[in-house]
Amino acid sequence: MALSKILRPSLDTGVPNVGFAVKKNSDVQTLTNATYTKVTFDTELFDTNNNFASSRFTPTIAGQYFFHADLHHYNSASGATTIRNTVFYKNGSAHTHTLRTENNQPGYTLKVACTAIIEMNGTGDYVEVYARGYFSSGTYQIADDTNSGFQNGNIFIGFRLGV
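About the criteria used
Residues numbered from 1 in each chain as written. Predicted model: local features only at pLDDT ≥ 70, side-chain atom pairs only at ≥ 80, totals over all residues. Heavy atoms only, no water. Helix = DSSP H or I, 4+ residues; strand = E, 2+ residues; numbered from the N terminus. Buried < 20%, exposed > 50% of the residue type's maximum accessible area, 1.4 Å probe, protein only. Contact = heavy atoms within 4.5 Å. Areas by Shrake-Rupley, 256 points an atom, 1.4 Å probe, with all protein chains shown as cover. Phe/Tyr/Trp six-rings, centres within 6.5 Å; stacked < 30°, edge-to-face > 60°. Lys NZ or Arg CZ within 6 Å of the ring centre and 35° of its normal. Patch = residues over 30% accessible without salt bridge, like charges linked within 9 Å, V, L, I, M, F, W, Y side chains within 5 Å. Salt bridge = Lys/Arg side-chain N within 4 Å of Asp/Glu carboxyl O.

Chemist: Help me understand the overall build of the protein in this model?
Modeler: If you tally the helices and strands in the protein, you get 2 helices and 13 strands. Counting the 163 residues in the protein, one finds 42% classified as buried. A sequence separation of at least 24 residues applies to 73% of the contacts in the protein between residues at least 6 apart. For the protein, the exposed area adds up to about 8,100 Å²; of that, 51% sits on carbon and sulfur atoms.

Next up, the structure:
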């Protein structure tokens, strides 16, 4: 094997780059206390292999995938929220979650991100984003970009690692 192939292996392996990026543009979701709710994403920024549909990513190529979701959790009531979660579900079950606690003023918005590397089999595994909040009063929402002024504030991205 040529030394150049060892030092700089070709990126053209015949396996397509698989990746997507979506955002929540104009779809506010109101959550029920202590209940996991699937987050919907209404704007596709790109989807290189057409594997994203109905707010779900189902890759057709096996491998390790990097995922990141960032959500604006909002509550209209002061001091009413104790726990906020952004969660990756794999095949209908919680896989990875981030937990944040904090709320000290009315209209308080807190961004809660979740990042994970997840093995996908390429034959049916899927990943979705869920959110949950524990709150005693107020209206608890995953805020949207259009009405809440957050430019690309709620995003879900993923891509296959390696070649």
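Chemist: Explain the packing of aromatic side chains here, please?
Modeler: Both the distance between ring centres and the angle between the ring planes are used here to describe each pair of aromatic rings. Enumeration over the complete set of coordinates arrives at 16 aromatic pairs. Pairing F135 with Y140 gives two aromatic rings, centres 5.1 Å apart and planes at 10°, and the pair type is stacked. The ring of Y126 has R56 lying over it, and the distance from NZ or CZ to the ring centre is 3.6 Å.

Chemist: What is the right way to look at a nonpolar patch on the surface in this model?
Modeler: A surface patch of nonpolar side chains, amounting to about 250 Å² of accessible area, comprises I117, F159 and L161. By the element assignment, F159 lies in strand β13 (residues 155-160).

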